[in-house]
Amino acid sequence: MDEDCRNCPALCETRAQVVHGYGDVGADFLFVGERPTARADETGVPFAGAGGSDGDGGLRRLLERLGLCAVDSPADDPALENVYLTTLTRCRDPDRRPTDEEIGNCEPYLSAEIRMINPEILIPVGERALSELGREYTTTTAADLGFPDDHARRIRGRGFELVPMIDPREQTAEQTQAWLEAFVELMASDYRQTKGRRER
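Conventions used here
Numbers given for residues are sequential positions, taken from 1 along each chain in its written order. Only residues with pLDDT of at least 70 are given local features in this predicted model, and only at 80 or more are side-chain atom pairs given and counted; all residues enter the totals for whole chains, interfaces and linings. Calculated side-chain values reflect all of the structure's heavy atoms, with hydrogen atoms and water omitted. Only the stretch in contact is used when fitting a helix axis, every axis being a line fitted to C-alpha atoms; angles between N-to-C directions are given from 0 to 180 degrees. Secondary structure follows DSSP: runs of H or I at least 4 residues long count as helices, runs of E at least 2 residues long count as strands, and numbering of each begins at the N terminus. To sort the angles, those under 35 degrees are grouped as roughly parallel, those over 145 as roughly antiparallel, those from 65 to 115 as roughly perpendicular, and the leftovers as oblique. Helix crossings are classified by the rotation of the near helix relative to the far one: an anticlockwise turn of less than a right angle makes the crossing left-handed, while a clockwise turn makes it right-handed. In what follows, a contact means two residues having at least one pair of non-hydrogen atoms within 4.5 Å. The residue classification treats Ala, Val, Leu, Ile, Met, Phe, Trp, Tyr, Cys and Pro as nonpolar and Asp, Glu, Lys and Arg as charged. All others, Gly included, are polar. The rule is short: rings of Phe, Tyr and Trp, with Trp giving its six-membered ring, pair when the centres are within 6.5 Å, and they are stacked under 30 degrees, edge-to-face over 60, tilted in between. Think of it in three bands: residues with accessible area under 20% of the maximum for their type are buried, residues over 50% are exposed, and the middle band is partly exposed, with areas taken using a 1.4 Å probe on protein chains only.

The name given to the chain in an unreviewed UniProt entry is Uracil-DNA glycosylase, with Natrinema saccharevitans as the source organism.

And the structure:
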């Protein structure tokens, strides 16, 4: 992974650092967001933050409730088990969302992480991640994928199963509970049989 990537000149001017993936490299569950949070831009850890508009504390709380993140681990260095976190783009502009070109420039990094981790389940976090991962890893057309209908729904894909999630900062309490219940059920199932285990 390139820590000094210059593929997107505009983002090079606004980022604090390049934010690549973080977590358990043997994970079954790979969460993919749209772009680094403001706190992630500072720390280098995707989804880092204590919540609110500049972080994603909501996702951490979900992972803690599922037993996938140690409650007492530091916010900027979470102890993750069976989880890997990453984003479509590696750099952040504080004032705008990434362009299609910027997502395309970062796609080789994401593809490399997915091949390296070889997860069982991809969790697109937010509309943009669902659109990008859905187009790449399922046979479902982008027009047929979206929220709220696909929130917490298991979608069979090419090599992976997707369990999309509305951004935790935008979920209702009912949506949060629905996703947690669906994921607990998935974790208790034979999800590893959705594809053959490949050698890492």
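1. Considering the packing of helix 4 (residues 100-117) against helix 5 (residues 127-137)
Between helix 4 and helix 5, the least distance of the axes is 12 Å, while the angle of their chain directions is 60°. Considering their axes alone, helix 4 and helix 5 lie oblique with respect to each other. Judged by the sense of rotation from one axis to the other, the crossing of helix 4 with helix 5 is right-handed. Contacts from Asp100, Ile103, Leu110, Ser111 and Ile114 of helix 4 reach helix 5 at Arg128, Glu132, Leu133 and Tyr137. Residues of the contact of helix 4 with helix 5, tallied by class, amount to five nonpolar, one polar and three charged.

2. Thoughts on the packing of aromatic side chains
What the rule picks out here adds up to six aromatic pairs. With a centroid separation of 6.1 Å and 55° between ring planes, the pair formed by phenylalanine 31 and tryptophan 179 is classed as tilted. Placement of phenylalanine 31 in strand 2 (residues 29-33) and of tryptophan 179 in helix 6 (residues 173-187) is noted, with a sequence separation of 148 residues between them. Judged by its relative accessible area of 0%, phenylalanine 31 is buried. For tryptophan 179, a relative accessible area of 1% translates into the label buried. Aromatic side chains phenylalanine 31 and phenylalanine 183 sit 6.3 Å apart centroid to centroid with 50° between the ring planes, which places their arrangement in the tilted category. Of this pair, phenylalanine 31 sits in strand 2 while phenylalanine 183 sits in helix 6; the two residues are 152 residues apart in sequence, bridging distant segments of the chain. The residues phenylalanine 31 and phenylalanine 183 share a single accessibility class, namely buried.

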